[in-house]
Amino acid sequence: MLPPDLARKLTVTAQQDTGVVLAQADIDQLIARTDTGAVVLSGAARRVEIHNVDGEVVTRDPIRVTESFSAPTATGDIKVDFAEIAPRTVDAKSQDGDVIIALPARGPYVVNANTGDGSTAVRVPQTTNRENAAAVVTARSDTGDVIIDDLR
């Protein structure tokens with residue numbers, strides 16, 4: 001176990017072919033690449049970058065990410081809740097799965113949410129002004145639903 005001050009300065013990179021990646025820490029950056037398996041997140045980071053081919057990306061509890069969150073996946077749902085403040089940028093895309101993002105009630109947000117075959121619901125305060133936005137959120141699914149909701 002690392003001292004918290006040291007852990008918050010680390011970049012952690014995980015590469016896994018098959019199986020679950022469980023990230024439970026307060027760190028500077030997390031970069032995770034998986035072929036087949038879920039990525040389960042908890043804790044805090046400045047930056048999170050997930051590359052997943054076949055598996056879901058989910059949070060156990062709301063996570064704290066301050067700068068950016070990126071999670072493209074080919075097959076799998078993305079269900080991520082953000083606590084306290086949203087990252088400045090959120091980019092979540094699934095070719096074949098739902099994208100469900102919960103943001104803190106504090107907004108407004110610039111939201112670009114769309115889907116090919118599913119439905120889209122945006123239930124957070126929105127703006128088109130990037131300068132005044134709490135975050136810029138891009139969420140897309142080719143075949144699933146896209147839901148941007150407030151964290152309850």
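Relevant structure appears above.
Scope of this entry: the structure provided in the associated data block. Predicted, not measured: the structure shown is a model, and the values here were computed from it.

**With respect to the pattern of salt bridges**
Within this structure, the stated rule accounts for eight salt bridges. As a salt-bridge pair, Arg47 and Glu49 come within 2.5 Å of each other at their nearest N and O atoms. A residue is classified by how much of its surface remains accessible, and Glu49, at 16% relative accessible area, is buried. Each of Asp28, Arg46 and Glu67 takes part in one network of salt bridges that share partners.

**Remarks on the nonpolar core**
Counting residues in each nonpolar core, the largest one holds 34 residues, and the members touching the most others are Leu41, Phe69 and Ile148. Here this core gets five residues from one element, more than from any other, and that element is strand E4 (residues 39–54).

**A word on unusual backbone geometry**
Gly107 connects to Pro108 through a cis peptide bond whose omega is 0°. One can find Pro108 in the loop between strand E9 (99–103) and strand E10 (109–115). The phi dihedral of Glu84 is positive, around 65°, even though this residue is not glycine. Tracing the backbone shows Glu84 in the loop between strand E7 (78–81) and strand E8 (89–96).

**A short note on the pairing of strand E3 (residues 29–36)**
With seven bridges joining them, strand E1 (residues 11–18) and E3 adopt parallel strand pairing. Bridge pairing links Thr13 to Ile31 in E3. Here E3 pairs with E4 via seven bridges, running parallel. Pairing of Thr34 across the sheet is with Asn52, part of E4.

**Considerations on the environment of Ala7**
For Ala7, the position within the fold is in helix H1 (residues 4–7). Under the relative-accessibility criterion, Ala7 is labelled buried at 12%. Sequence-wise, Ala7 and His51 are 44 residues apart; in three dimensions their C-alpha atoms are separated by 22 Å.

**Observations concerning the side chain of Ser68**
Within the element layout of this structure, Ser68 appears in strand E6 (residues 64–75). Its relative accessible area of 15% is what places Ser68 among the buried residues. The contacts of Ser68, once residues within four sequence positions are left out, are Arg46, Arg47, Val48, Pro87 and Thr89.

Conventions adopted
- Residues numbered from 1 in each chain as written.
- Predicted model: local features only at pLDDT ≥ 70, side-chain atom pairs only at ≥ 80, totals over all residues.
- Heavy atoms only, no water.
- Salt bridge = Lys/Arg side-chain N within 4 Å of Asp/Glu carboxyl O.
- Buried < 20%, exposed > 50% of the residue type's maximum accessible area, 1.4 Å probe, protein only.
- Core = buried A, V, L, I, M, F, W, Y, C linked by side-chain atoms within 4.5 Å.
- Helix = DSSP H or I, 4+ residues; strand = E, 2+ residues; numbered from the N terminus.
- Pairing = 2+ DSSP bridges.
- Contact = heavy atoms within 4.5 Å.

Interpretation in functional terms is not warranted from these geometric data alone.
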